[in-house]
Amino acid sequence: MNQNIAEVFSNFSQKFSRFSKSPDAKRVTPPSKDSYYEEKMRERGERLRTSVVSSYKIYRAPFEALGEQSDRAASLDKDEQNLLKAYNLYKSCMDIDKENQDEIGATHIKSVEIYSPLADKASYTTGGQFIYLCAWLYFEAGQQDYFPFFAESENHHSLCFETAEKHELDAHDREIFEIIRGEFYS
């Protein structure tokens, strides 16, 4: 026990050297910050994908997902039909406008403001659920000429449409839309 510090250190160094050369020795490297963030982003993406898939299944087939007697399924089905009616009304206006234009700058429809009961539902106007109805209209109803959105004016919302080529979704809605496309329609 009367070893001096140099001998203790030397013995420890020799044991450590043998251990580190051993084939069973595993070096543990701490994860880099980049891999940590990548993992968190991957987890977030998977949670979002799972959430979008389960939500869209309900919009895609409400009675099948929620049951024939479900009030929520009936409400979603009615919302889908209201959106389809608004779409058809808007498309009809645009078709009539095209038929009646005989020269550039002639009499034409400048704007169309459509009231829909959907505009009274906060879950659609501000709650983030409208993208699911839009996806239903686009994919399930096959109505792809115009894309719906809400415009707010004087404390009320109006249902508006824009040509699908010109309409730009915000980043979050675009991500949801692309998940729906990839999971259900690819």
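Residues numbered from 1 in each chain as written. Predicted model: local features only at pLDDT ≥ 70, side-chain atom pairs only at ≥ 80, totals over all residues. Heavy atoms only, no water.

Asks: Help me out: how do you make sense of the packing of helix 6 (residues 130–140) against helix 7 (residues 171–184) in this one?
Replies: Between two packed helices, what matters for the description is the angle formed by their axes and the separation of those axes. At their nearest, the axes of helix 6 and helix 7 sit 10 Å apart, and the two run at 40° to each other. It follows from the interaxial angle that helix 6 and helix 7 lie oblique. Helix 7 is crossed by helix 6, and the crossing has right-handed handedness. On helix 7, the residues touching Ile 131, Tyr 132, Ala 135, Tyr 138 and Phe 139 of helix 6 are Asp 173, Ile 176, Phe 177, Ile 180 and Arg 181. Across the contact of helix 6 with helix 7, the residue classes break down as 8 nonpolar, no polar and 2 charged. (Axes fitted to C-alpha atoms, helices over the stretch in contact; angles between N-to-C directions. Helix = DSSP H or I, 4+ residues; strand = E, 2+ residues; numbered from the N terminus. Parallel < 35°, antiparallel > 145°, perpendicular 65-115°, else oblique. Left-handed = near helix turned anticlockwise from the far one by under 90°. Contact = heavy atoms within 4.5 Å. Nonpolar A, V, L, I, M, F, W, Y, C, P; charged D, E, K, R; others polar.)

Asks: I would appreciate a short explanation of the layout of surface pockets in the present structure.
Replies: Where empty space is left becomes clear once a probe the size of a water molecule has been rolled over the atoms. Roughly 270 Å³ of volume is contained in the largest pocket. As for the largest pocket, its lining consists of 17 residues, of which Phe 130, Phe 149, Leu 169, Asp 170 and Asp 173 are closest to the centre. Elements with a contribution of two residues or more to the lining of the largest pocket: helix 5 (122–125), helix 6 and strand 1 (146–153). If one sorts the elements of the lining of the largest pocket by residue count, strand 1 sits on top with 4 residues. Residues belonging to the lining of the largest pocket are distributed by class as follows: 9 nonpolar, 5 polar and 3 charged. Taken as a whole, the second largest pocket holds about 160 Å³ of empty space. Lining the second largest pocket are Tyr 138, Phe 147, Ala 164, His 167, Glu 168, Leu 169, Arg 174, Phe 177, Glu 178 and Arg 181. Per-element tally for the lining of the second largest pocket: the top contributor is helix 7, with 4 residues. (1 Å grid on protein atoms, 1.4 Å probe; cavity = no way out; pocket = protein on both sides within 12 Å on 5 of 7 lines; lining within 4 Å. Points joined across faces, edges and corners; volume = space filled by probe spheres on them.)

Asks: How do you make sense of the nonpolar core when you look at a structure like this?
Replies: Counting 38 residues, the largest nonpolar core has Tyr 56, Phe 130, Phe 161 and Ile 180 as the members making the most contacts within it. When contributions to this core are tallied by element, the ones reaching two or more residues are helix 2 (33–60), helix 4 (71–100), helix 6, strand 1, strand 2 (156–163) and helix 7. The element contributing the most residues to this core is helix 6, with 10 residues. When residues no more than four places from it in sequence are discounted, the contact partners of Ile 180 are Val 52, Tyr 56, Tyr 132, Ala 135, Phe 139 and Tyr 185. (Core = buried A, V, L, I, M, F, W, Y, C linked by side-chain atoms within 4.5 Å. Buried < 20%, exposed > 50% of the residue type's maximum accessible area, 1.4 Å probe, protein only.)

Asks: Would you mind showing me how to read the packing of helix 2 against helix 6 here?
Replies: With their axes 10 Å apart at the nearest point, helix 2 and helix 6 run at an angle of 60° to one another. Classified by the angle their axes make, helix 2 and helix 6 are oblique. The handedness of the crossing between helix 2 and helix 6 comes out as right-handed. Together, Val 52, Ser 55, Tyr 56, Tyr 59 and Arg 60 of helix 2 and Tyr 132, Leu 133, Ala 135, Trp 136, Phe 139 and Glu 140 of helix 6 make up the contact between the two elements. The residue inventory of the contact of helix 2 with helix 6, partitioned by class, reads 8 nonpolar, 1 polar and 2 charged.

Asks: Just checking my understanding: could you explain the side chain of Asp 97 for this structure?
Replies: Position of Asp 97 among the secondary structure elements: in helix 4. Within the buried core, Asp 97 has no salt-bridge partner, and the shortest N-O distance to an opposite charge, that of Lys 98, equals 8.4 Å. If near-sequence neighbours (up to four positions away) are discounted, Asp 97 is found in contact with His 108 and Ile 109. (Lys, Arg positive; Asp, Glu negative; His and termini not counted. Salt bridge = Lys/Arg side-chain N within 4 Å of Asp/Glu carboxyl O.)

Asks: What exactly am I supposed to notice about the packing of aromatic side chains here?
Replies: Ring pairs (aromatic) are described by centroid distance and by the angle formed between their planes. Counted under the stated rule, the structure contains 17 aromatic pairs. Measuring from centroid to centroid gives 5.1 Å for Tyr 90 and Tyr 146, while their planes differ by 80°, and the two rings are edge-to-face. Remark: Tyr 146 occurs in strand 1 and Tyr 90 occurs in helix 4; sequence separation between them is 56 residues. As far as burial versus exposure is concerned, Tyr 90 and Tyr 146 are alike and both buried. Feature note: the residues Tyr 56, Tyr 138, Phe 139, Phe 147, Phe 177, Phe 184 and Tyr 185 constitute an aromatic cluster, connected by ring pairs. (Phe/Tyr/Trp six-rings, centres within 6.5 Å; stacked < 30°, edge-to-face > 60°.)

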